[in-house]
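# Architecture and fold: a report
So the chains spell out like this:
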Amino acid sequence: MTKLVTIFGGSGFVGRYAARRLAKDGWRIRIAVRRPNEALFLKPYGAVGQVEPVFCNIRDDASVRAAMVGASAVVNCVGVLSPSGKNGFDAVQAEGAGRIARLAAEMGVARLVHISALGADAASGSTYARSKAEGERQVQAAFPAAVILRPSVVFGAEDRFFNRFAAMARTSPILPVIHGDTKFQPVYVDDVARAVVAGVDGAAAGIYELGGPEVRTFRALMRDMLGVILRRRKIVDVPLVVARVMACGFDGLSKVTGGLFANPAATRDQLKLLAKNNVVSPDARGFAELGIAPLAFESVLPEYLWPYRPDGQYARQHEIKTLPKV
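Let me begin by describing the structure that accompanies this report.

What counts as what
Throughout, residues of each chain are indexed from 1 in the direction in which the sequence is written. Side-chain atom pairs in this predicted model are given and counted only at pLDDT of 80 or more, local residue features only at pLDDT of at least 70, and totals for whole chains, interfaces and linings cover all residues. Hydrogens are left out, water is left out, and the side-chain values use all remaining heavy atoms of the structure. Only the six-membered ring of Trp is used, alongside the rings of Phe and Tyr, when aromatic pairs are assigned; centres must lie within 6.5 Å, and planes under 30 degrees apart are stacked while those over 60 apart are edge-to-face, with the rest tilted. Every helix listed is a DSSP run of H or I at least four residues long, and every strand listed is a run of E at least two residues long, numbered separately from the N terminus. With a 1.4 Å probe rolled over the protein chains alone, any residue whose accessible area is under 20% of its type maximum counts as buried; one over 50% counts as exposed, and the rest are partly exposed. By this definition, two strands are paired if DSSP reports at least two bridges between them. Structural elements are reduced to axes, namely lines fitted to C-alpha atoms, with helices fitted over the stretch in contact, and the angle between N-to-C directions of any two is expressed from 0 to 180 degrees. When checking whether two residues touch, look at their non-hydrogen atoms; a contact exists if any pair is within 4.5 Å.

Taken as a whole, this structure holds 11 aromatic pairs when the rule is applied. Taken together, a centroid distance of 5.5 Å and an interplanar angle of 75 degrees make the contact between Phe 165 and Phe 218 edge-to-face. Taken together, the residues span a long stretch of sequence, with Phe 165 in helix H5 (residues 162-171) and Phe 218 in helix H7 (residues 218-229) at a distance of 53 residues. Judged by relative accessible area, which is 11%, Phe 165 ranks as buried.

Below, the structure written as structure tokens:
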């Protein structure tokens, strides 16, 4: 094993799946994270010494440079859903992404794969979306040959989407949704990891928009999820004015407590994201150009949402098919 790839944010949701696939391909993997001790679970993904977590702060040039020494490929999976302290949207998703690309170019790294988001838009009202777009701009400016991946909402065993609402449905008689008509194209996390591998191996070039084979409204996704966990819950559309007041209050509480209180609902910034469809553009390159057939979310959800069923793993499979729609 002589090939070395540095994965920034390699212990995160997408990063861990990319690490597993790259380890199987024979790469030596350096996992660059803020808390290496919390990334030790990745070491068994490869042979002894093949996967090594190291400390890195992507806000610091010296730290990023040290994490790249000897690497022939770099993957940037770092991202934040809500800002916390110095790790704001711009610091992480714009400046951090640009720093990684600039130093990768300076150090002669052969390939760079950058994970962006389908909603990246410099003109968006969302700070998250604007920072993602600025990150792409800085990456392309510093490393023109970089592969940029823009996934829609990503699902999988560790996701914060279906798991979050399934947990809510386990205890609440209602399931609140905001912008229920907004369309999503859920993409399986391991399919995104396969796209990462294609970029690292040199089988991809440019920008790819990644979405699964199915497009659903937010409301329809919740119905499908309830069918999988065998729960009858009333899906309630939360008026936007109410959602804004709640988000403002929770955001304020999070700020006052220094991030100790995590917003349990959507933030004000996420409300702006939810107002826009999150689907692959008609003329965009995607999985087809990478030779990847993405999995449908309906074929994967039962594999990890079963703990939310009334009878857990003992629920009879035929019940999933006969449960009435709500």
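So much for the structure itself; the text now carries on.
Quick look at the sheet that holds strand E4 (residues 73-76) now. Think of a sheet as strands paired side by side through backbone hydrogen bonds, with each pair either parallel or antiparallel. Read across the open sheet, the 7 strands follow the order E3-E2-E1-E4-E5-E6-E11; overall the sheet is parallel. Each of the sheet's edge strands pairs with one partner strand only, and the pair in question is strand E3 (51-55) and strand E11 (207-210). Each adjacent strand pair in this sheet contributes to an overall mean axis angle of 20 degrees, direction not counted. When strand E5 (residues 111-115) meets strand E6 (residues 147-151), the two strands line up parallel, connected through 3 bridges. Following the sheet pairing, Ile 115 is matched in E6 by Leu 149. Taken strand by strand, helix H1 (residues 13-24) contacts strand E1 (4-8), strand E2 (28-33) and E3, and its axis lies near 170 degrees from that of E1.

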